[in-house]
Amino acid sequence: MNYINYEVNMAARGSYIVPGFNVFGYEDAQAVIHAAERHHSPVLLMVNRDARRALALEHWSALLGSLARNASVPVAVHLDHCSDLDNIFQAVDAGFHSVMYDGSKLPLDENIANTKRVAEYAHAQGVAVEAEVGTVPYSDMGEVTPEFTRPEEAARMAAESGADWLAVSVGNIHRQTSRATRINFQRLEEIQEVCSLPLVLHGSSGVLAEDLAKVRSYGVGKVNIGTALRQVFGGTLRATVLANPNIFDRLTLLEQSCEQAEYKAYELIGQMVV
């Protein structure tokens, strides 16, 4: 069991959560690490589909991995939402600490079979694997109705796939721009009762603060956050550029964005580790 797998397992059994943040460069990655260090909390730096299109996996691994090695808390580099097995194998070979195979839109048997292939390959190199059952919709794509995770399917995935963590759909929605989402705790409890794996919540930017704090008691070991950090970083950058038309140095232009991103990450981590 690698160190981030250990941390997520300990969190799922305890009363805290390991946060995962989607990052898009060294600026927000450093902000997240600084916030995690202030809380003495482990954290994952996650590379999503958009980031993969901007930079090759080996470059992300080199950049984020070097930042992780110099942190004073456990920091891992995670491949988020990937349904391409070759890309996942590349991430494993490149040095990612954990990978997510997203077969949630496939029939369950195929999802389990593919996840098992990923787990066999990844575990041989000490890399943790996240799977998903059920569908977490994307609000920016007009998807509003989740396909909740069925407890019996979660149990099968845990028993048959070799995955280390399981992402579930219990009312959470990707890319929500306001905190208005309520978690279905009855369904979450039903899943927890039959699934032996640490659970993962995606789309946590839109989850109400009290619900995010409450899931600590339901076997959730990891939550994913992206939109909340992007909103702060991008909004601050826009304001800085508009207010300073004569400044062209990007380090100066990004300074306030980095500070505000750290502040936001610190606030969100605090809701998970207190």
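So, here's what we can say about the structure. (Residues numbered from 1 in each chain as written. Predicted model: local features only at pLDDT ≥ 70, side-chain atom pairs only at ≥ 80, totals over all residues. Heavy atoms only, no water.)

**A look at the packing of helix H2 (residues 26-39) against helix H4 (residues 57-69)**
Alright, step 1. One can describe the packing of H2 onto H4 by two numbers: an axis separation of 11 Å at closest approach and a directional angle of 25°. When the axis of H2 is compared with that of H4, the two are roughly parallel. The handedness of the crossing between H2 and H4 is right-handed. On the side of H2, the interface is formed by Tyr26, Ala29, Gln30 and Ile33, while H4 contributes Leu63, Leu64, Leu67 and Ala68.
Alright, step 2. Grouping the constituent residues of the contact of H2 with H4 by class yields seven nonpolar, one polar and no charged. (Axes fitted to C-alpha atoms, helices over the stretch in contact; angles between N-to-C directions. Helix = DSSP H or I, 4+ residues; strand = E, 2+ residues; numbered from the N terminus. Parallel < 35°, antiparallel > 145°, perpendicular 65-115°, else oblique. Left-handed = near helix turned anticlockwise from the far one by under 90°. Contact = heavy atoms within 4.5 Å. Nonpolar A, V, L, I, M, F, W, Y, C, P; charged D, E, K, R; others polar.)

**Considerations on the environment of alanine 12**
Alright, step 1. Structurally, alanine 12 is set in helix H1 (residues 3-13).
Alright, step 2. Residue alanine 12 is classed as buried on the basis of its relative accessible area, which comes to 16%.
Alright, step 3. Here the alpha-carbon distance between alanine 12 and serine 217, two residues 205 residues apart in the chain, equals 8.0 Å. (Buried < 20%, exposed > 50% of the residue type's maximum accessible area, 1.4 Å probe, protein only.)

**Side note on the sheet that holds strand S2 (residues 43-47)**
Alright, step 1. Taking strand neighbours around the barrel as the criterion, the eight strands line up as S1-S2-S3-S4-S5-S6-S7-S8 in a closed arrangement whose pairing is parallel. Between one strand axis and the next, the sheet turns through 25° on average, direction left out of account. (Pairing = 2+ DSSP bridges.)

**Observations regarding the nonpolar core**
Alright, step 1. Ranked by internal contacts, the top residues of the largest apolar core, which has 72 residues, are Phe21, Leu64, Phe96, Val99, Leu166 and Leu188.
Alright, step 2. Beyond its immediate chain neighbours, meaning those up to four positions away, leucine 166 contacts Ala131, Glu132, Val133, Ala154, Met157, Cys195, Leu197, Pro198, Leu199 and Val200.
Alright, step 3. Core analysis: the next-biggest nonpolar cluster, separate from the first, contains 12 residues, Ile4, Met100, Ala167 and Val200 among them. (Core = buried A, V, L, I, M, F, W, Y, C linked by side-chain atoms within 4.5 Å.)

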